[in-house]
Amino acid sequence: RKEVEQDPGPFNVPEGATVAFNCTYSNSASQSFFWYRQDCRKEPKLLMSVYSSGNEDGRFTAQLNRASQYISLLIRDSKLSDSATYLCVVTLDTGRRALTFGSGTRLQVQP
Amino acid sequence: DAGITQSPRYKITETGRQVTLMCHQTWSHSYMFWYRQDLGHGLRLIYYSAAADITDKGEVPDGYVVSRSKTENFPLTLESATRSQTSVYFCASRPGQGGEKLFFGSGTQLSVL
């Protein structure tokens, strides 16, 4: 079983739509959670961290459910520029300081 | 411009050849990482380093060698390239303290024929 699992998509949505991605992780000791964004053939970039209480950054909302071991990302009012692959990332605070990435969910926002 | 740079951007080589991918960062970040990215697997950790002269294996280290004689450099060597090592390689770094954000290089696309 993969440590971090995501639906690969693609999710094809019209501009202005609301779309949500889920991600599950296998290690209950995982401590930190993130969403990264990756544009085609480019390096991943941090989109937002995910906190236990949930957090929002503009049109983006991230939530964590430790009991069920999943995190989610909600994008409201989708823009064409949101088209990308969204990577779910978790880390263990074991001193290793390495992040474990999911395979990503591809989003295509259509005009 | 300061940051993290990888070279070469693209590389084609033949099976059995030795290849070295370079990674250089100007922030003096303690931690550096090498990931490979393949379809269906996402990014997988090859090796990482917590400081100069300290390296450790990640998830998929076989066939790779790293060194870190200086904080700013973290080269990755494929000792005898195989076709299965055709991939996109990303180097990343982050500070020793304060946050989990990874800073990635632009990647090296390696093809082994």
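In the block above lies the structure referred to throughout.
Attention here is on the structure that accompanies the text. Remember, it's a predicted structure, so these values are computed and weren't measured experimentally.

**Some points on the sheet that holds strand β1 (residues 4–7) of chain B**
In any sheet, the strands associate via hydrogen bonds between backbone groups, in a parallel or an antiparallel arrangement.
Residues and elements named next belong to chain B.
Moving on, step 1. Strand order in the open sheet made by the four strands is β1-β3-β8-β7, with antiparallel pairing throughout. At either end of the open sheet lies a strand with only one pairing partner, and these are β1 and β7 (64–66). The average angle at which neighbouring strand axes cross in this sheet is 15°, direction not considered.
Moving on, step 2. Of the strand pairs in this sheet, β7 and strand β8 (residues 76–78) are connected by three bridges, and their pairing is antiparallel. Along β8, the bridge assignment pairs V65 with T77.

**Considerations on the pairing of strand β8 (residues 70–75) of chain A**
Residue and element names in this part refer to chain A.
Moving on, step 1. Sheet topology note: the strand β3 (residues 19–25)/β8 ladder contains six bridges and is antiparallel. Bridge assignment links V19 to a residue of β8, and that residue is I75.
Moving on, step 2. For strand β7 (residues 60–65) and β8, the ladder comprises six bridges, and the chain directions are antiparallel. What sits directly across from Q63, in β8, is S72.

**Observations concerning the pattern of salt bridges**
Moving on, step 1. Tallying each qualifying case throughout the model produces seven salt bridges over all chains.
Moving on, step 2. The partner of A:R59 in a salt bridge is A:D82, with the nearest N and O atoms 2.8 Å apart. Here A:D82 lies in the loop between β8 and β9 (84–91) and A:R59 lies in the loop between β6 (55–57) and β7, a separation of 23 residues in the sequence.
Moving on, step 3. Judged by its relative accessible area of 23%, A:R59 falls in the partly exposed class.
Moving on, step 4. A salt bridge links B:D38 to B:R36; the nearest nitrogen and oxygen atoms lie 2.8 Å apart. As far as burial versus exposure is concerned, B:D38 and B:R36 are alike and both buried.

Criteria and thresholds
All residue numbers here refer to positions counted from 1 along the written sequence of the relevant chain. Chains and ligands are labelled sequentially in the order written, the chains with letters from A and the ligands with numbers from 1. This being a predicted model, a pLDDT of at least 70 is required before a residue's local features are given, and a value of 80 or more before pairs of side-chain atoms are given or counted; all residues contribute to the totals for chains, interfaces and linings. Only hydrogens and water are set aside when side-chain values are computed; all heavy atoms of the structure are taken into account. Each pair of strands is called paired provided DSSP finds at least two bridges between the two strands. Strands are runs of DSSP state E lasting at least two residues, helices are runs of H or I lasting at least four, and both sets are numbered from the N terminus onward. Every angle, taken between N-to-C directions, lies between 0 and 180 degrees, and every axis is a line fitted to C-alpha atoms, over only the stretch in contact when it is a helix. In the sections that follow, a salt bridge refers to a side-chain nitrogen of Lys or Arg positioned within 4 Å of a carboxyl oxygen of Asp or Glu. A simple rule labels every residue: compare its accessible area, found with a 1.4 Å probe on the protein chains alone, to the largest value its type can have, and call it buried under 20%, exposed over 50%, or partly exposed in between.

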